[in-house]
Amino acid sequence: MNSTSQTISQATVKTTCPYCGVGCGVLAEQNGQGHWSVRGDPEHPANFGRLCSKGAALAETIDLPHRLTEPQVRQTDGQLAAVSWDLALNTIAAGFRAAIDEFGPESVGIYVSGQILTEDYYVANKLMKGFIGAANIDTNSRLCMSSAVAAYNRAFGSDTVPVSYEDLENADLVVLVGSNTAYAHPVIFQRLVAAKERRPEMKFVVIDPRRTATCDIADLHLPLAPGADALLFNGLLVALADADKINQAFLADSVDGFEETLATARTDAPDIDTLAQRCGLKKSDLEQFFNWFIATERTVSLWSQGMNQSATGTDKGNALINCHLATGRIGKPAMGPFSITGQPNAMGGREVGGLANQLAAHQGFTPEAIDRVSRFWGSDRVAQKPGLKAVDLFAAAGSGKIKALWIIATNPVFSLPDSHAVRAALATCPLVVLSECVDNTDTAAFADVLLPATTWGERNGTVTNSERRITRQLPFIRPPAQARHDWWVVCEVAKRLSFDDGFNFPNTAAIFREYAAMTGFENNGSRDLDLSAFATFSDAEYDALPPTRWPQPANQQAKEPFADGRFFTPNRRARMIAVRAQGPTSALTPTYPLRLNNGRLRDQWHGMSRTGAVPKLLNHASEPTVSVHPQDAARFRLRGHQIARIGNANGTALARVHLDDNQRPGSLFMPMHWSQAFSQHGLVNALTDAQTDPVSGQPEFKTQAVWAEPYPAKWYGFALISQRLTVPSLAQFSGGYAVLIPGDGVVRIELAGIDAPEDWLGWAKRQLGTLDARNTVPQGFEQGETAHWIEFADPANGRFRIAQIHAGQLDWVLHITADSRAVDTQWLAGLFRETELSTLQLADVMAGKPAGAQTDVGPIICACFSIGRNTLLDAMAEHPIPDVKTLGACTQAGTNCGSCIPELKALLAHSALVATP
Ligand SMILES: Nc1nc2c(c(=O)[nH]1)N[C@H]1C(S)=C(S)[C@@H](COP(=O)(O)OP(=O)(O)OC[C@H]3O[C@@H](n4cnc5c(=O)[nH]c(N)nc54)[C@H](O)[C@@H]3O)O[C@H]1N2
Ligand SMILES: Nc1nc2c(c(=O)[nH]1)N[C@H]1C(S)=C(S)[C@@H](COP(=O)(O)OP(=O)(O)OC[C@H]3O[C@@H](n4cnc5c(=O)[nH]c(N)nc54)[C@H](O)[C@@H]3O)O[C@H]1N2
Ligand code: SF4
Ligand SMILES: [Mo]
């Protein structure tokens with residue numbers, strides 16, 4: 001870097017966070033030493049400068065470990081070998097061509113992701129539906145909010161999200177349904193907290209079987225029975241009708257289907273007592289919710305996976321939308337039904353047509369749309385009917401119907417339900433192509449062709465957030481030499497399939513222009529999605545595009561959808577959909593007596609390929625846990641911090657027990673984040689059924705019936721391993737519990753097992769890698785170097801401690817105990833930094849604790865400053881601390897991104913309770 005000063009910022013690039021659908025603007029800034037840092041873009045209308053813990057740690061993910069740097073093709077010996085791009089592309093094209101020629105276009109498929117850019121999405125969709133000529137392209141958004149898409153389409157005739165973040169802030173009542181906003185959309189949550197501070201009369205209702213961190217702002221929490229949402233909203237519709245709150249004028253002018261819908265709702269909700277009992281709620285709570293909804297015109301109902309991830313998620317979405325249509329609370333400021341998107345570009349994918357049942361640019365498979373799209377793309381091969389949805393696409397790969405499958409920016413072995421079936425399908429499919437930026441995802445093991453993709457910080461294109469706002473992602477670092485943009489790869493394969501004409505794009509600006517033109521093509525107000533104002537953008541205008549909400553029609557004023565009471569159905573009237581509530585598909589039985597709920601943690605992103613690389617993001621939760629209500633724990637003999645085995649006919653999982661009275665009794669919660677890359681047996685989808693919603697095809701993830709029992713571990717332990725050594729593969733510990741926890745310079749592996757080895761020293765040397773001259777020399781060491789071991793053994797009590805030392809430094813430490821206790825490993829990890837360990841320090845290693853007065857900071861609560869529970873409790877004991885602000889002033893906790901504020905508040909409330917006699 002040619003720096004003029006060490007402190008002056010050399011470059012600032014405005015881009016967008018690659019994580020959630022809030023779509024926060026990020027400023028990437030380079031200092032004089034060439035280091036990049038990030039902060040929230042104060043001008044971006046999604047976040048106005050805020051970032052959550054994940055966004056704030058983005059700079060620490062720039063050098064991704066396990067980065068995939070070369071194209072690889074599986075050889076006849078079964079191993080992947082690096083090849084040239086030309087060879088990799090030819091292999092894909094030849095495989096696709098052979099399958100299409102022999103078995104037709106429906107024998108190939110593409111599975112994309114809400115984490116690619118709109119331009120990538122557009123060309124992938126164009127290739128599959130426009131030129132290969134079948135619609136077997138689907139996206140992981142199928143697992144995410146396809147039920148909300150289907151519900152919107154049924155109600156409005158279009159997939160239009162009719163609410164903005166400003167509407168949310170200006171509402172008088174916000175109903176959060178099946179959404180843990182505080183963890184999953186933290187910046188929206190922060191905006192809501194700020195709105196409530198400005199207008200304390202604003203009300204929040206949280207509808208979730210668990211009491212989540214989001215309940216921190218709840219005036220009312222409805223811990224409803226899992227899956228009971230449609231009942232609840234049918235009941236609400238009845239209550240609205242009985243309170244005479246139906247907007248008759250709006251119904252007459254704009255809505256069909258009211259009478260039938262209300263009559264159906266009444267069968268589900270004959271009276272309030274029955275309804276409360278069916279929903280598993282207190283009657284008084286239910287009445288309170290209904291009364292607030294009845295009384296509050298400016299109401300936004302926001303929903304996400306607690307409703308969508310269900311075999312009846314579409315009906316649930318419509319039951320909620322029905323209440324807004326019946327009251328006319330839609331298309332006006334501060335009200336409406338708001339399905340929030342999960343991934344950064346889930347919305348962009350919906351726009352271009354990334355879902356198999358949409359053709360392109362919000363057009364379905366009607367004869368007129370097929371004709372229009374054919375003329376626009378200049379292709380006579382456009383797909384004539386919807387293709388296979390995600391779960392069916394993989395089932396077809398398993399049954400041999402799909403011969404070639406290209407997976408881009410998603411990890412289906414981790415994220416699809418019934419992962420055993422997905423593995424079997426990928427093992428069966430003759431050609432599996434995977435475009436990834438890391439090489440160690442669970443899906444990578446099944447790839448026949450592995451392509452190195454560029455990723456955040458390197459990519460160039462657009463994303464659309466939850467409120468339909470398009471923002472640029474701009475590159476600011478150079479990708480690895482062989483990494484390529486996904487759009488480029490798709491176009492290269494298209495050309496090798498001889499579809500040259502449609503895919504000669506010089507850059508993403510050209511793709512964006514074509515896509516914008518398509519949205520306006522023969523539109524004339526007939527379709528909601530219209531970006532034709534951008535169709536004539538120069539490259540420079542594209543680069544400078546400020547965050548903008550659609551529609552943006554050319555030569556016309558942009559109008560807020562539905563403001564005129566007109567919808568996109570053939571008769572321009574919205575439709576209320578009569579739905580009968582149904583329970584979860586997976587039945588509770590004496591064998592499977594518990595419901596397994598699952599979802600997000602605050603600091604992790606899905607399969608952790610990026611967030612798992614940041615040690616401080618692993619502090620808040622570093623292992624797969626299962627949260628259990630104390631009543632259930634007693635019933636199933638589960639003890640806190642020990643390991644539970646959870647299972648059903650699909651498989652089993654192991655997770656650390658977390659006793660939690662925020663759980664609804666009868667229901668367990670596991671985070672969805674642990675794939676095999678990070679834990680041997682922590683994968684939730686080893687347990688989930690591939691049951692899907694008949695309308696949307698979205699799987700039912702959240703209500704699986706399972707059993708739970710104590711894992712009969714005979715030993716517990718952990719290994720700390722210096723990153724100078726090759727970290728052993730978790731597969732070596734497949735017999736037991738094993739979780740990988742990357743740290744600063746030291747990797748921790750948490751372990752537990754049933755069979756204890758006779759000789760722990762021998763086991764440790766085998767499992768952890770030795771630096772023994774008689775064995776092979778691990779990476780980073782020279783032949784002939786030797787190490788030595790120190791050992792403490794107390795077999796009678798099942799305690800063993802072993803350390804390998806080389807040239808005065810720790811290589812690894814293994815601690816084994818007979819029981820399970822939370823052990824503070826921070827001080828021990830610190831010893832790995834010592835270049836010449838003293839005898840005293842070695843004695844500490846063997847003693848298992850530091851001799852000096854070291855403090856244990858406890859479980860980390862504030863990820864930004866790594867502040868633990870004990871530090872916070874000490875501060876509260878020392879000073880009078882009335883609120884989170886004071887706590888922040890004393891300890892720094894919560895003063896950066898603010899994601900931990902709900903937990904800080906809970907801690908303060910808890911300590912106040914304890915202090916009150
Ligand atoms: N930190 C973080 N944030 C993320 C992500 C991430 O991986 N990490 N992923 C992003 C993505 S792609 C998505 S889709 C979103 C998801 O965002 P959310 O939908 O908010 O996240 P989840 O934790 O999956 O589920 C939300 C809640 O649904 C509840 N729930 C379960 N069953 C029911 C039910 O029957 N009824 C109701 N009403 N609630 C129920 C669960 O208890 C849970 O608290 O998050 C996005 N943001
Ligand atoms: N049990 C259960 N299962 C679930 C859910 C749940 O709540 N419970 N939620 C579901 C939902 S809502 C979602 S969205 C899915 C998410 O599931 P996945 O999509 O499988 O999760 P990610 O780990 O985000 O996978 C994205 C991958 O893309 C790679 N990547 C990142 N950027 C790029 C890029 O620019 N190009 C390419 N080619 N690759 C890139 C990353 O390294 C990462 O491995 O999980 C679903 N599965
Ligand atoms: S809320 Fe957090 S994860 Fe979501 S876009 Fe903003 S900074 Fe990124
Ligand atoms: Mo998602």
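Provided above is the structure to which this section pertains.
Residues numbered from 1 in each chain as written. Chains lettered and ligands numbered in written order. Predicted model: local features only at pLDDT ≥ 70, side-chain atom pairs only at ≥ 80, totals over all residues. Heavy atoms only, no water.

Participant: Just checking my understanding: could you explain the overall build of the protein chain for this structure?
Facilitator: If you tally the helices and strands in the protein chain, you get 29 helices and 34 strands. Compactness check: the protein chain gives a C-alpha radius of gyration of 28 Å against a globular reference of 29 Å for 917 residues, within 12% of the reference. Here the protein chain holds 917 residues, and 62% of them are scored as buried. When the accessible surface of the protein chain is split by element, carbon and sulfur atoms take 51% of a total near 33400 Å². Here the protein chain holds 79 positive side-chain charges and 93 negative ones, and the gap between their average locations is 3 Å. (Helix = DSSP H or I, 4+ residues; strand = E, 2+ residues; numbered from the N terminus. Rg over C-alpha atoms; globule rule 2.2 N^0.38 Å. Buried < 20%, exposed > 50% of the residue type's maximum accessible area, 1.4 Å probe, protein only. Areas by Shrake-Rupley, 256 points an atom, 1.4 Å probe, with all protein chains shown as cover. Lys, Arg positive; Asp, Glu negative; His and termini not counted. Charge placed at Lys NZ, Arg CZ, Asp CG, Glu CD.)

Participant: Would you explain the packing of helix H8 (residues 229-242) against helix H11 (residues 272-279) in this entry?
Facilitator: What describes two packed helices is the angle between their axes and the distance between those same axes. As a packed pair, H8 and H11 sit with axes 9 Å apart at the nearest point and diverge in direction by 160°. Here H8 lies roughly antiparallel to H11, going by the angle between them. Between H8 and H11 lies a crossing of left-handed hand. Between H8, through Leu231, Leu232 and Gly235, and H11, the contact on the second element is made entirely by Leu275, Arg278 and Cys279. Here the contact of H8 with H11 is built from residues that sort into four nonpolar, one polar and one charged. (Axes fitted to C-alpha atoms, helices over the stretch in contact; angles between N-to-C directions. Parallel < 35°, antiparallel > 145°, perpendicular 65-115°, else oblique. Left-handed = near helix turned anticlockwise from the far one by under 90°. Contact = heavy atoms within 4.5 Å. Nonpolar A, V, L, I, M, F, W, Y, C, P; charged D, E, K, R; others polar.)

Participant: Please explain the sheet that holds strand E30 (residues 788-794) as it appears in this structure.
Facilitator: Consider a sheet: its strands pair through backbone hydrogen bonds, and that pairing is either parallel or antiparallel. Here six strands make up an open sheet; going across it, the order is E28-E29-E27-E32-E31-E30 and the pairing antiparallel. Bordering the open sheet on either side are strand E28 (737-742) and E30, each of which pairs with just one other strand. For this sheet the average axis-to-axis angle between neighbouring strands, irrespective of direction, equals 10°. Running over the sheet, helix H24 (residues 760-768) touches strand E27 (715-722), strand E29 (746-753), E30, strand E31 (799-806) and strand E32 (809-817) and is turned about 125° from E32. Of the strands in this sheet, E30, E31 and E32 are in contact with helix H26 (residues 839-847), which crosses E31 at around 145°. (Pairing = 2+ DSSP bridges.)

Participant: Even after reading the chapter, I still don't get the site of ligand 3, so can you show me in this structure?
Facilitator: The environment of ligand 3 is made up of Cys17, Tyr19, Cys20, Val22, Gly23, Cys24, Leu51, Cys52, Lys54, Gly55, Pro186 and Val187. Taken together, the elements giving at least two residues each to the shell around ligand 3 come down to helix H1 (53-56) and helix H7 (186-198). Split into classes, the residues belonging to the shell around ligand 3 amount to nine nonpolar, two polar and one charged. (Near = heavy atom within 4 Å.)

Participant: Explain helix H14 (residues 313-327) here, please?
Facilitator: Along an α-helix, residues three or four positions apart point the same way, because every turn accommodates 3.6 residues. The end-to-end C-alpha separation of H14 is 22 Å, in line with the 21 Å expected for 15 residues at 1.5 Å each. Summarising burial for H14: 15 of the 15 residues are buried, a large majority. Looking one or two residues beyond H14, the residue adopting positive phi is Gly328, at roughly 70°. (Expected span 1.5 Å × (residues − 1).)

Participant: Explain the site of ligand 1 here, please?
Facilitator: Close contacts around ligand 1 come from 34 residues, with Ala184, Asp208, Gly227, Ser304 and Gln604 the closest. Measuring from a nitrogen atom of ligand 1, one finds a backbone N or O atom of Ile207 at 3.1 Å. One nitrogen or oxygen atom from the side chain of Asp208 is found 2.6 Å from an oxygen atom belonging to ligand 1. Isolated, ligand 1 exposes 920 Å² of accessible area, and the fraction of that covered by the protein chains is 99%. The class makeup of the residues in the shell around ligand 1 is 11 nonpolar, 16 polar and seven charged. (Polar contact = N/O pair within 3.5 Å; in protein donor to acceptor, adjacent residues only side chain to side chain.)

Participant: Where do I start with the environment of Leu638 in this structure?
Facilitator: As for its position among the elements, Leu638 is in the loop between helix H23 (630-635) and strand E23 (643-647). What makes Leu638 buried here is its relative accessible area of 6%. Sequence separation of Leu638 and Ile408 is 230 residues, and the distance between their C-alpha atoms is 40 Å. With residues up to four places along the chain from it excluded, the contact list for Leu638 reads Val628, Ala633, Ala644, Val657, Ala708, Glu709 and Pro710.

Participant: Would you explain the packing of aromatic side chains in this entry?
Facilitator: Aromatic rings in a pair are described by how distant their centres are and how their planes are angled relative to each other. The tally for this structure, following the rule as stated, stands at 30 aromatic pairs. Taking 5.3 Å as the distance between ring centres and 25° as the angle between the ring planes, the aromatic pair formed by Tyr152 and Phe156 counts as stacked. Linking Tyr152 with Phe156, this pair stays in helix H4 (residues 146-156), spanning four residues, or about one helical turn. When sorted by exposure, Tyr152 lands in the same class as Phe156, which is buried. Taken together through their ring pairs, the aromatic side chains of Tyr122, Trp377, Phe512, Tyr515, Phe534, Phe537 and Tyr542 make up a single cluster. Taking NZ or CZ as reference, Arg210 lies 3.6 Å from the ring centre of Phe669, over its face. Positioned above the aromatic ring of Trp550, the side-chain terminus of Arg468 is 5.2 Å from the ring centre. (Phe/Tyr/Trp six-rings, centres within 6.5 Å; stacked < 30°, edge-to-face > 60°. Lys NZ or Arg CZ within 6 Å of the ring centre and 35° of its normal.)

Participant: Where do I start with the sheet that holds strand E18 (residues 469-473) in this structure?
Facilitator: Reading across from one edge, E17-E18-E19 is the order of the three strands in this open sheet, with antiparallel pairing throughout. Strands at the two margins of the open sheet, each flanked by one partner only, are strand E17 (461-464) and strand E19 (548-549). The pairing of E17 with E18 spans four bridges and is classified as antiparallel. Each residue of the ladder has a partner; that of Thr462, found in E18, is Arg472.

Participant: Sorry if this is basic, but what is going on with the packing of H8 against H14 here?
Facilitator: Interaxial distance between H8 and H14 falls to 8 Å at its minimum, and their mutual angle equals 15°. Taken together, the axis directions place H8 and H14 in an arrangement best described as roughly parallel. At the point where H8 passes H14, the crossing takes the left-handed sense. Here H8 contributes Asp229, Ala230, Phe233, Asn234, Leu236, Leu237 and Leu240 to the contact with H14, which in turn contributes Lys316, Ala319, Leu320, Asn322, Cys323, Ala326 and Thr327. Looking at the contact of H8 with H14 residue by residue, the classes come out as nine nonpolar, three polar and two charged.

Participant: Honestly, the pairing of strand E2 (residues 25-30) in this entry has me stumped. Any pointers?
Facilitator: The two faces of the sheet receive side chains in turn, since in a regular strand these alternate between them. Burial runs high along E2: six of the six residues are buried. Here E2 shows a buried face lined by Gly25, Leu27 and Glu29 and a second buried face lined by Val26, Ala28 and Gln30. Sheet analysis places strand E1 (residues 11-16) next to E2, joined by six bridges and oriented antiparallel. In the strand pairing of E2, Lys14 is matched with Leu27. Here five bridges tie E2 to strand E3 (residues 36-40), and the two strands are oriented antiparallel to one another. In the strand pairing of E3, Glu29 is matched with Ser37. Hairpin connection, E2 to E3: the antiparallel pair is bridged by five residues, and Gly34 has positive phi, about 90°.

Participant: Just to check I follow, could you spell out the pairing of strand E8 (residues 173-177) for this structure?
Facilitator: The buried fraction of E8 amounts to five of the five residues, a majority that puts the element mostly inside the structure. Side-chain alternation along E8 places Leu173, Val175 and Val177 on one buried face and Val174 and Leu176 on a second face that is also buried. Note that E8 and strand E12 (residues 299-303) share five bridges and pair parallel. Bridging from a neighbouring strand, Val174 pairs with Val300 of E12.

Participant: What is the right way to look at the pattern of salt bridges in this model?
Facilitator: Between side chains of opposite charge, pairing is possible as soon as their charged atoms come close. Enumeration over the complete set of coordinates arrives at 44 salt bridges. Arg97 serves as the salt-bridge partner of Asp101, at 3.2 Å between the closest nitrogen and oxygen. Of this pair, Asp101 and Arg97 both sit in helix H2 (residues 85-103), four residues apart, which is roughly one turn of that helix. When its relative accessible area of 56% is taken as the criterion, Asp101 is described as exposed. Close ionic contact of Arg656 with Glu750 constitutes a salt bridge, the shortest N to O distance being 3.1 Å. Here Glu750 lies in strand E29 and Arg656 lies in strand E24 (residues 652-659), a separation of 94 residues in the sequence. In this structure Arg656 comes out as buried when scored by relative accessible area, which is 5%. Overall, Glu750 belongs to the buried group, its relative accessible area being 11%. Put simply, Asp86, Glu492, Lys495 and Arg496 are held in one network by salt bridges that share partners. (Salt bridge = Lys/Arg side-chain N within 4 Å of Asp/Glu carboxyl O.)

So yeah, pure geometry; function would need other evidence.
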